[in-house]
Amino acid sequence: MSMITSVEQLEALYGLPGEASVVKELDQLIPEYAAFIESSPFAALATCGPEGLDCSPRGDLAGFVRIHDPKTLMMPDRRGNNRADSLRNILRDPRVALLFLVPGSGTTLRVNGRARITTDPGLCVSFAVGGKPARSVTIVEVDAVYFQCARAIHRSELWNPARHVDPRSLPTPGQILEITSRKNIDGEVYDREWPERAKKSMW
């Protein structure tokens, strides 16, 4: 198997990026980039820590990531499974990356920066949904922001309903947990109770 082991080999294979790939990267938000963040109900958050890398989904109502100023984003943290992998990583290595998706749009937006976590009561309350404040707020200082080529979205036909997978064709969370817990968790009970638990912990 032939492996690429140097940047020189990589550049020889792929060439150098064109002008459009370079000029789109900025060190702060412009109104055009802000429009994508304000319209996005979903982002993937990438972090790194001593145990390795983590990429975690973040979702809420569109615009859930608040633009404080052109160099600063604020993202609420809601109820979850309490693993807090992303937050643990941020405490030890502040480097983060965000990938914003907008349903129906082929364009994604990438943000790289450095993060810190706050539990300021007033700020958490300002992110309240359904009367429940955010558990914490992640503040991201923007280092780089740029839109990503739409080819991946178009190739995958991500937004094409005809390509949507029937969830019934996939293993359920309960079935997976029953296997990984060596049957300490009853998968059927877990799946049956999940909708009610999800309602209680939505926000």
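Attention in this report is confined to the structure presented alongside it. Source: prediction; values computed, not measured. (Residues numbered from 1 in each chain as written. Predicted model: local features only at pLDDT ≥ 70, side-chain atom pairs only at ≥ 80, totals over all residues. Heavy atoms only, no water.)

1. Concerning the overall build of the chain
- Along the chain, the regular secondary structure elements total eight helices and seven strands.
- Here the chain, with 203 residues, has 31% of them falling under the buried criterion.
- Long-range pairs, those at least 24 residues apart, make up 63% of the contacts in the chain with a sequence separation of at least 6.
- In the structure as shown, the chain presents an accessible area of about 13400 Å², 57% of it carried by carbon and sulfur atoms.
- The average position of the 25 basic charges and that of the 25 acidic charges among the side chains of the chain differ by 5 Å. (Helix = DSSP H or I, 4+ residues; strand = E, 2+ residues; numbered from the N terminus. Buried < 20%, exposed > 50% of the residue type's maximum accessible area, 1.4 Å probe, protein only. Contact = heavy atoms within 4.5 Å. Areas by Shrake-Rupley, 256 points an atom, 1.4 Å probe, with all protein chains shown as cover. Lys, Arg positive; Asp, Glu negative; His and termini not counted. Charge placed at Lys NZ, Arg CZ, Asp CG, Glu CD.)

2. Observations concerning the pairing of strand β1 (residues 42-49)
- Inspection of the sheet shows β1 paired to strand β2 (residues 52-59) by eight bridges, in the antiparallel sense. Note on β2: the bridge partner recorded for Leu 45 is Ser 56.
- Sheet analysis places β1 next to strand β5 (residues 95-101), joined by six bridges and oriented antiparallel. By the bridge assignment, Ala 43 is partnered in β5 with Phe 100. (Pairing = 2+ DSSP bridges.)

3. A word on the sheet that holds β1
- Spatially, seven strands are ordered β2-β1-β5-β6-β7-β4-β3 in an open sheet, and the strand pairing comes out antiparallel. Two strands bound the open sheet, and with one partner strand each, they are β2 and β3 (66-69). Taken over all neighbouring pairs, the strand axes of this sheet differ in orientation by 35° on average, direction set aside.
- The sheet contacts of helix α4 (residues 85-92) involve β1, β2, β4 (72-77), β5, β6 (108-118) and β7 (136-148), and relative to β1 the element is tilted by about 50°. (Axes fitted to C-alpha atoms, helices over the stretch in contact; angles between N-to-C directions.)

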